[in-house]
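Residues per chain are reported as follows:
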Amino acid sequence: MLYLLNPLQGKIGRGRWWLMQLAIFVLVVLSLFATAFLFADFDAPAGTRNGSENAMLAMIIVGMIYMNFVTCVNRLRDSARSGFWYLTFLLPMVGTGLMIYFCGLEAGRTRQSA
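A. Highlighting the overall build of the protein. From N to C terminus, the protein includes 3 helices and 0 strands. Along the protein, from the amino end to the carboxyl end, the secondary structure elements read α-α-α. Its C-alpha atoms give the protein a radius of gyration of 17 Å, clearly above 13 Å, the size a compact globule of 114 residues would have. Over its C-alpha atoms, taken along the principal directions, the protein stretches across nearly 65 × 30 × 20 Å. Taken across its 114 residues, the protein has 29% of its residues classed as buried. In the protein, of all internal contacts separated by at least 6 residues, the share reaching a separation of at least 24 is 63%. Carbon together with sulfur atoms contributes 69% to the accessible area of the protein, which is approximately 7,600 Å² in total. Positive and negative side-chain charges in the protein, numbering 9 and 5 respectively, have mean positions lying 23 Å apart.

Below, the structure is given as structure tokens:
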């Protein structure tokens, strides 16, 4: 599970990358349910949130982005790319497709020494 927290953990294969993406998804869904049940004010008007809910949602979003960044950087290292390729994943319309191809579909390759 250190692959979710440590960007310098090392190379990971496609299968482990998909497993980590599944783990991130499950953690986010469980966190959202916990936030809804622990911090929601059921007596408040519909469509409003209290400060604790907003803080937890912000922490969930930041945590999800960080864990995704860490797993993708570790996987990009396995495909002989630098972590800067992660910035291409932020491009609208093509970023998600590139991330799935580079991290989830493309087989790992080794760096060629000059």
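B. Representation of the packing of aromatic side chains. Inspection of every chain in the model, using the stated rule, returns 5 aromatic pairs. Seen from their ring centres, Tyr86 and Phe89 are 5.5 Å apart, and the 75 degrees between their planes marks the pair as edge-to-face. Residues Tyr86 and Phe89 agree in their burial class; the two are buried. Each residue in the set Phe69, Tyr86 and Phe89 is aromatic and connected to the rest through ring pairs, giving one cluster. The lysine or arginine in question, Arg81, covers the ring of Phe102, its NZ or CZ lying 3.9 Å from the ring centre.

C. Representation of the packing of helix α1 (residues 14–39) against helix α2 (residues 51–78) in the model. Viewed as axis vectors pointing N to C, α1 and α2 meet at an angle of 175 degrees, and their least axial separation amounts to 10 Å. Looking at the two axes, α1 sits roughly antiparallel to α2. Of the residues in α2, those touching α1 at Arg14, Trp17, Met20, Gln21, Ile24, Leu27, Val28, Ser31, Leu32, Thr35 and Phe39 are Ser52, Glu53, Met56, Leu57, Ile60, Met64, Met67, Asn68, Thr71, Cys72 and Arg75. Across the contact of α1 with α2, the residue classes tally to 13 nonpolar, 6 polar and 3 charged.

D. Up close: the nonpolar core. Formed by Ile12, Trp17, Cys72, Leu76, Tyr86, Phe89, Met99, Phe102 and Cys103, the largest nonpolar core amounts to 9 residues. Mapped by element, the contributors of at least two residues to this core are α2 and α3 (95–105). Here this core gets 3 residues from one element, more than from any other, and that element is α3. By size, the runner-up hydrophobic cluster in this structure holds 7 residues, among which are Leu4, Ala23, Ile60 and Met67.

E. Spatial organisation of α2. End to end, α2 covers 41 Å across 28 residues, agreeing with the expected 40 Å (1.5 Å per residue, within 8%). Taken together, the buried positions of α2 are occupied by Glu53, Ile60, Met67, Asn68, Val70, Thr71, Cys72, Val73, Asn74, Arg75, Leu76 and Asp78. Looking at the buried side of α2, the elements it contacts are α1 and α3.

F. The side chain of Thr71, seen in detail. Turning to its location among the elements, Thr71 is positioned in helix α2. By relative accessible area, which is 0% here, Thr71 ends up buried. A polar contact of 3.1 Å, which involves the side chain of Thr71, links it to the backbone oxygen of Asn68.

G. Spotlight on a nonpolar patch on the surface. A cluster of nonpolar residues, Leu19, Leu22, Phe25, Val26 and Leu30, forms a patch on the protein surface that exposes about 500 Å² of accessible area. Relative to the assigned elements, Leu22 resides in helix α1.

About the criteria used
Residues numbered from 1 in each chain as written. Predicted model: local features only at pLDDT ≥ 70, side-chain atom pairs only at ≥ 80, totals over all residues. Heavy atoms only, no water. Helix = DSSP H or I, 4+ residues; strand = E, 2+ residues; numbered from the N terminus. Rg over C-alpha atoms; globule rule 2.2 N^0.38 Å. Buried < 20%, exposed > 50% of the residue type's maximum accessible area, 1.4 Å probe, protein only. Contact = heavy atoms within 4.5 Å. Areas by Shrake-Rupley, 256 points an atom, 1.4 Å probe, with all protein chains shown as cover. Lys, Arg positive; Asp, Glu negative; His and termini not counted. Charge placed at Lys NZ, Arg CZ, Asp CG, Glu CD. Phe/Tyr/Trp six-rings, centres within 6.5 Å; stacked < 30°, edge-to-face > 60°. Lys NZ or Arg CZ within 6 Å of the ring centre and 35° of its normal. Axes fitted to C-alpha atoms, helices over the stretch in contact; angles between N-to-C directions. Parallel < 35°, antiparallel > 145°, perpendicular 65-115°, else oblique. Nonpolar A, V, L, I, M, F, W, Y, C, P; charged D, E, K, R; others polar. Core = buried A, V, L, I, M, F, W, Y, C linked by side-chain atoms within 4.5 Å. Expected span 1.5 Å × (residues − 1). Polar contact = N/O pair within 3.5 Å; in protein donor to acceptor, adjacent residues only side chain to side chain. Patch = residues over 30% accessible without salt bridge, like charges linked within 9 Å, V, L, I, M, F, W, Y side chains within 5 Å. Salt bridge = Lys/Arg side-chain N within 4 Å of Asp/Glu carboxyl O.

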